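Here is what each chain is made of, one letter per residue.
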Amino acid sequence: MSIPTDVASLQIMAHVFKKESLNSIFEKTVESLVEQVPYIDWVGIYMYENLDHKLVAASSFEDDLRWECNGELKFPITNSMEEEIGMMIVRSRHPIAFDVTDVSTLETIAAAIGQESYAN
């Protein structure tokens, strides 16, 4: 199950390390995960602004699959000072879609996003 996630991760990390704009990185993240990983149906990235949670990128802004998903993973996005500055949410309609390798790869993606957003 983890090979598609790894492929998407490589595309995302290449984008991060090219020092693209933060919005471009967010868009590439949601796009790559949904397009490359057949069991990921929705991805959203929320950034915290004061007490608000702002959805800054999503594979679909109209339908977040909240009520249709069978699996959901949430990954905190933290800056270099380990402060939580956002959240990446990944949803699947498939039951038992994710394995431990998916989790560690998605954690790595969230960490890279956090480091890049602190740098910008």
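Above: the structure in question.
Quick caveat, the model's predicted, so the values are computed rather than measured. (Residues numbered from 1 in each chain as written. Predicted model: local features only at pLDDT ≥ 70, side-chain atom pairs only at ≥ 80, totals over all residues. Heavy atoms only, no water.)

### Digging into the packing of helix α1 (residues 2-17) against helix α2 (residues 22-36)
So, step 1. Where α1 meets α2, the closest approach of the two axes is 9 Å, and the angle between their N-to-C directions is 165°. By the angle class used here, α1 and α2 are roughly antiparallel. Between α1 and α2 lies a crossing whose hand is right-handed. Each of P4, V7, A8, Q11, I12, H15 and V16 in α1 lies in contact with α2, whose residues at this interface are S24, I25, K28, T29, S32, L33 and Q36.
So, step 2. Classifying every residue of the contact of α1 with α2 by side-chain character gives seven nonpolar, six polar and one charged. (Axes fitted to C-alpha atoms, helices over the stretch in contact; angles between N-to-C directions. Helix = DSSP H or I, 4+ residues; strand = E, 2+ residues; numbered from the N terminus. Parallel < 35°, antiparallel > 145°, perpendicular 65-115°, else oblique. Left-handed = near helix turned anticlockwise from the far one by under 90°. Contact = heavy atoms within 4.5 Å. Nonpolar A, V, L, I, M, F, W, Y, C, P; charged D, E, K, R; others polar.)

### Focus: the pattern of salt bridges
So, step 1. One pass over the structure, following the stated rule, counts seven salt bridges.
So, step 2. Through salt bridges with shared partners, a single ionic network connects D64, R66, E72, K74 and R91. (Salt bridge = Lys/Arg side-chain N within 4 Å of Asp/Glu carboxyl O.)

### Some details on the side chain of S9
So, step 1. Counting through the fold element by element, S9 comes out in helix α1.
So, step 2. Setting aside chain neighbours within four positions, we find S9 in contact with T105 and I109.

### Structural notes on the sheet that holds strand β2 (residues 52-58)
So, step 1. As summarised here, the arrangement of the four strands in space is β2-β1-β4-β3, forming an open sheet in which the pairing is antiparallel. Each having just a single partner strand, β2 and β3 (71-78) make up the two edges of the open sheet. Taking each pair of neighbouring strands and ignoring which way they run, the sheet shows an average axis angle of 25°.
So, step 2. In this sheet, β2 lies alongside strand β1 (residues 42-49) in antiparallel orientation, the contact comprising six bridges. Bridge assignment links Y46 to a residue of β2, and that residue is L55.
So, step 3. Across the sheet, α2 lies against β1, β2 and β4 (84-92), angled at about 155° from β1, the strand it touches most. (Pairing = 2+ DSSP bridges.)

Distances and angles like these do not, on their own, reveal function.
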